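What follows is the residue order along each chain.
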There are 2 protein chains.
Amino acid sequence: LANLPEGFLSLNAFFDPASIAVIGATPNFTKPNGKPLELLLNYGYRGQVYPVNPHYEEIAGIRCYPDLKSIPGEVELAIIGVPARLTIPILEDCISKGVKVAIVFTSGFAEVDRQGKQLQQQLAALVKAGGLRLCGPNCMGLINNTNGVMATFATPVPAASLYTPRFFGFISQSGGFGAIIYEMMQNGGIGLNYFVNTGNEADADFTDFWAYMIADPATKIIGAYLEGVRDGQKFSIVAEKARAAAKPLLVLKAGRTRKGAQAALSHTSALAGSDRVYNAFFRQKNIVRVESIEEMVAFVKIFAEGRTPQGNKTAIVSVSGGVGVLLADKCEEAGLEIVGLDPVTSTRLAGILPFFAATGNPVDLTGQFLTEPDLFEKSLKILDQDPHVDVMVVLFALSQEYGERIAAGLVRAYQASKKTMIFICWNQKDEYQQYFEVFRQAGMAVFDEVDHAVRALGNYVAYAQHLALPLAPVLKPYLKTVAPKAEVTDLFVNNSQKMLSEYQAKQVLKAYHIPTTREELATSPWEAVKIAEKIGFPVALKIDSPDIAHKTEVGGVKLNLKSAAEVEAAYQEVMVTVARQQPEANLRGMLVQEMLVGGTELIVGVEQDVVFGPVLMFGLGGIFVEALADVSFRVLPIAASDAVAMVQEIRGYRILEGIRGRAKSDFNAIYDILLKVSQIALDFPDQIRGMDLNPLIVFKEGKGAKVADVLISLK
Amino acid sequence: LANLPEGFLSLNAFFDPASIAVIGATPNFTKPNGKPLELLLNYGYRGQVYPVNPHYEEIAGIRCYPDLKSIPGEVELAIIGVPARLTIPILEDCISKGVKVAIVFTSGFAEVDRQGKQLQQQLAALVKAGGLRLCGPNCMGLINNTNGVMATFATPVPAASLYTPRFFGFISQSGGFGAIIYEMMQNGGIGLNYFVNTGNEADADFTDFWAYMIADPATKIIGAYLEGVRDGQKFSIVAEKARAAAKPLLVLKAGRTRKGAQAALSHTSALAGSDRVYNAFFRQKNIVRVESIEEMVAFVKIFAEGRTPQGNKTAIVSVSGGVGVLLADKCEEAGLEIVGLDPVTSTRLAGILPFFAATGNPVDLTGQFLTEPDLFEKSLKILDQDPHVDVMVVLFALSQEYGERIAAGLVRAYQASKKTMIFICWNQKDEYQQYFEVFRQAGMAVFDEVDHAVRALGNYVAYAQHLALPLAPVLKPYLKTVAPKAEVTDLFVNNSQKMLSEYQAKQVLKAYHIPTTREELATSPWEAVKIAEKIGFPVALKIDSPDIAHKTEVGGVKLNLKSAAEVEAAYQEVMVTVARQQPEANLRGMLVQEMLVGGTELIVGVEQDVVFGPVLMFGLGGIFVEALADVSFRVLPIAASDAVAMVQEIRGYRILEGIRGRAKSDFNAIYDILLKVSQIALDFPDQIRGMDLNPLIVFKEGKGAKVADVLISLK
């Protein structure tokens, strides 16, 4: 645990305490404050256990202490199941005694009402000051299955040896659901090493335990039930550690739909954030979002094979053409490519399969496997030789006559290959259980259904591909040769405006070398004419004011002015109209601006997410795209690869690529602007509330892009 | 079966034959031609069974006949498992003997090669001429579980009494997959009455068996594994019967993705059609498309409750806030609305639940149910009283202490209610099986997972809602007061052009009272000027030719002409340019057309689908929408309700409704045009290949719509 930062090292006593005190212990083991004692005594915990309760001399043959200070030795972990009002004095005792970590089961804090919230704040302040790390309150505690630390009141399913692997740590923000997941994981054959329910997260939160498990050499993969993240930045830092350690985080996150999000808010005190931003962030950080517990179980089973997929090119083997087609559908939906087999492969398959079998992909062994049980092994070994195939999906069936031979052949084919494989058998009859045990021993990922298995495989392949990407440098030092920040600092610092005027905002963009329309600020009709003549007709006139966000709506914009006379008249008209409509507004003059011809309208924006802070948005402009909400997000800072990904991610990407004779857009100009806009937002985090480059016009390849209008609002 | 059309009545001998001959019978019951005899003898078939094979005197103690004609009595069903080359003579024997129906297991026909295809055509012609109905070839046959007709070589799972209901018929186009589905259905606790594998469908096809089951009083719901439909029109007629009979068809259809469709083509000889058209058709006809076998099983389980949902307003009850949120997400994704509870309901819930429980929707009983096992019953009975709640999703858990009380309470709550309910219990331990048996007896739909269950519930609710719609009159007699067909017949009949010119096509639209741009055909510059002056400037000029589909591409269009001089010059220029580019084209003159201002571009089209014939398409116009493929389809004819649905179905619907200060579009004008365009396509089915109204401009409510350009191509 050498590389564990100090803040996280402090959590180790949760998982490996030399001694545990159970405060409020009772001999009634069905109660939350009785259960831990029972579990610690029966699940092999080898450290010291101290029941604490003034009402008992001993419990279950162990000496019971009236209070913490009476305990002769050290106490590393305190499990606290006393009423809410008693938690503060007990935690004070813990601090006096030098207890390292405490778990508070007790409910009645922030999840209930304002009074509970205050009590929780008191409690948080206390443990922070006292250097005590806390899990809870309102939690089910935690389990370390490798050493019998059952610091929970959940009824765990029988332990250990049955389950593989023992390198999966699980963190749940929900207690009840956490317990269900724990049980389903074990039912699914997935053994956990750690299980934590973080509850109200008054001190140690989801991210802390996640960081602990990333640093822990015994944990290879981590699962989570997440309702919300409290600190996006901290989460982001830990996500980078997870990526560096190549330890996948599988997240089941509630609140995807509107109603779901409402329910999440009423259920926990975690902030919900925008689900679209969570999604963008997960994608950015290679966090795997799963849709169900079953999908999480499936991912862990495939991961446990220990075979990293080299790509998404998939071969399917089945015993029916119809099933093959269905599997192909599911695979493609999961992002797996049904690869065209090498001609050599098909020829070799034709050599072993009956004439009516399919030797393309999906490979269909037909019912022939019932009489030739070795067909699975043979065909898989042939596919293994195909250089185009990265992963294999095998739908097999056993038979009474040849079950053993089919099973043995599958195991041999699996062991002879290094490729990721998943196996699906719909009909896992009791009489075949011996074979499934053989598969389990061999480490094969065998499923009894398609949907979760194939989606998990798709997720795993995408995870591996993302991990294999070169870690593009993060944006921060992007513009190190110029120091634009200083140039525009005056505009931001000590600015009491609610936003910058368009002219001011354009100055900011120009300082960062973001191309904008040619334009100058005029303070009289005659000046406007002079500028227009310099720029060349036609021009646009736009009112320039830090008080007017929507210029068109107050009659502040005139487009396509073709002569000096038109410019002069327009200036007068706009000034009068706007002054009448917005008498309070500070009118800085009129922007005289070139009219852009051609190109495609884009929108680039920055907004503040409650959880993740500044978020970058990209989309096509115009009303159609707005109606379709065809935009992509990334949390700042972004890497150059994120800029590329967020452009490719929108559905309208094809338009930028050029369809129906349209020219290809200047993608580099877009990426450049995305990175520079991010830099502006990062340079002035305390000043900028939001930015909207709308429209940004992109021209054909090599011709760049220009910002036609921009709005920068201030905090 | 009185309402069974004669063509379908002929299939009854497949399911209820008084006598069966097994041709090619052998005492080796593991072989395909041995198996049926074994099954018929052991599964309770009460009719006559005649083995036929010249090599045996008797099989399994039954007299074996050398050939069909030696059989003394009548033979209603012949099961044929002889080599392909012998099938023709055997079928001739069948016809001579007066056999009513035959099943041919044998492979080696159209699924293999051209020779096989020819053999199959011979066979089809033979049975058609002889009045013999045929299932197969290349099929696994069929099963009637209610009378022991096991006319199959599949190894069936033990029969009957265990499973509920016995009113589910299943038809599979794939043999191997069909057998798997059969087994999974039974494993899922779903008993089938009929199972058919149609194989190559040389005679009786999927649609025939479907129609049979619709007419059959014993079948209430039908499932299908479908690779492709052969005859869209026949399928459509039967779909109407299914709707009239309120018997859902649940379709698992392969070939959704590109690769899947390719594999389907290589696997069967069924036509794949376009999956988008299948989807539109399924929606139109209220056919339920499921994504997996598990989802089909789940639908049947919910359907078996016998409770028609009155709407999609859903209440959730769970034992954990986190699970409630997850369920809410899944429900919303499945089209179920998480309804706001009546205040009275929440008050009543608050009266029985602990203070920290959630009494909104989702309702969270919390872990309190562990000590108060009656909370399920109480809260469900309260929700049952809520007039806003149509359906309920209940996530429950059992406990060792109170399992029996919880189970009994759930059953009572279920029985006291008439609302559709689904129950989910993740942890169905063996020790609780007695309770699950009680649930089964009570007819409750209980699941061990969420995804399939909730999707099936969503499907069932949508099915019931669609069924409750008034059956809007189908389009056919839409324009009975006018007889436009005669007016334009000359343009279509005996027309050797590949398409109509724009002017000609507009005449067709006008005849059907579809509004178009004001325009006239000019054959000289001077005439063009005269027309332009009548219409009013600005105008557009467009070359009019039945040989030029894309006028703009050959320089055949001039827009926004503002004066007589511009019109005259444009006329000359266009004529010269087009004549140079398309010297062969028949130039009928120039269309002088009003310029439309404002409105929203739409596209309406008709195309020919290989399976379903003429298909109507609707979408927003413009390149953005094209790139996003935001269009909807319906198979013709359509009902008025289909016109409404296909407009609402596109993602850009919000634009037509009016967002960002835009006016609401004239929806009635759109519906009207959709119906009229359909009518044109139906009036000239043998002439029209395709139509494209592009753009059709719709104006704000009350202002109608106008077709700016139209292309009608001919067969």
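Shown above is the structure to which this text applies.
Here the structure is a predicted model, which is why all the values come from computation and not from measurement.

Asks: Tell me what's going on with the relation of the copies chain A and chain B, and back it up with residues and numbers.
Replies: Between chain A and chain B, the superposition needs a rotation of 180° and an axial shift of 0.1 Å, giving an RMSD of 0.1 Å. Here the copies are linked by what is in effect a two-fold axis. The overlap is high: 100% of the interface residues of chain A also sit at the interface in chain B, so the same surface is used on both sides.

Asks: Please set out the environment of A:Leu500 residue by residue, giving values where relevant.
Replies: All names here are of chain A. Summarising the element assignment, leucine 500 is placed in the loop between helix H18 (484-492) and helix H19 (502-511). Residue leucine 500 is classed as buried on the basis of its relative accessible area, which comes to 1%. Through-space distance from the C-alpha of leucine 500 to that of leucine 714 is 7.5 Å; in sequence the pair is 214 residues apart. Look past the residues within four positions of leucine 500 in its chain and what remains in contact with it is Leu491, Phe492, Asn495, Ala505, Val508, Pro546, Ile712 and Leu714.

Asks: Give me the lowdown on the packing of aromatic side chains, citing residues and values where you can.
Replies: Ring pairs (aromatic) are described by centroid distance and by the angle formed between their planes. Applying the stated rule across the entire model yields 68 aromatic pairs over all chains. Each ring, one from A:Phe177 and one from A:Tyr225, has its centre 4.7 Å from the other, and the planes form 80°; the classification is edge-to-face. Here A:Tyr225 lies in strand E12 (residues 221-226) and A:Phe177 lies in helix H6 (residues 175-187), a separation of 48 residues in the sequence. Ring centres of B:Phe299 and B:Tyr460 lie 5.3 Å apart, and the angle between their planes is 75°; on these two criteria the pair is classed as edge-to-face. You can see B:Phe299 sitting in helix H11 (residues 293-303) and its partner B:Tyr460 sitting in helix H17 (residues 451-468), a full 161 residues away along the chain. Comparing B:Phe299 with B:Tyr460, the two get one shared label, buried. Taken together, the ring pairs connect A:Phe206, A:Trp210, A:Phe235, A:Tyr278, A:Phe281, A:Phe282 and A:Phe612 into an aromatic cluster. One Lys or Arg, A:Arg307, reaches over the ring of A:Tyr414 and ends 3.7 Å from the middle of that ring. Over the face of the ring belonging to B:Phe447 we find B:Lys301, whose NZ or CZ atom lies 4.7 Å from the ring centre.

Asks: Residue-level account of the interface of chain A and chain B, with values.
Replies: Contacts between the two partners involve 66 residues from chain A and, on the opposite side, 66 residues from chain B. At the surface where chain A touches chain B, the tally comes to zero salt bridges. Taken together, the elements giving at least two residues each to the side of chain A that touches chain B come down to H6, strand E13 (249-253), helix H9 (258-267), helix H11 (293-303), helix H12 (321-333), helix H17 (451-468), helix H22 (623-628) and helix H24 (653-657) of chain A. The greatest single-element share of the side of chain A that touches chain B, amounting to ten residues, is contributed by H12(A). Counted by class, the side of chain A that touches chain B contains 30 nonpolar, 14 polar and 22 charged residues.

Reading the values: the criteria
Residues numbered from 1 in each chain as written. Chains lettered and ligands numbered in written order. Predicted model: local features only at pLDDT ≥ 70, side-chain atom pairs only at ≥ 80, totals over all residues. Heavy atoms only, no water. Least-squares fit on C-alpha atoms with pLDDT ≥ 70 in both. Contact = heavy atoms within 4.5 Å. Helix = DSSP H or I, 4+ residues; strand = E, 2+ residues; numbered from the N terminus. Buried < 20%, exposed > 50% of the residue type's maximum accessible area, 1.4 Å probe, protein only. Phe/Tyr/Trp six-rings, centres within 6.5 Å; stacked < 30°, edge-to-face > 60°. Lys NZ or Arg CZ within 6 Å of the ring centre and 35° of its normal. Salt bridge = Lys/Arg side-chain N within 4 Å of Asp/Glu carboxyl O. Nonpolar A, V, L, I, M, F, W, Y, C, P; charged D, E, K, R; others polar.

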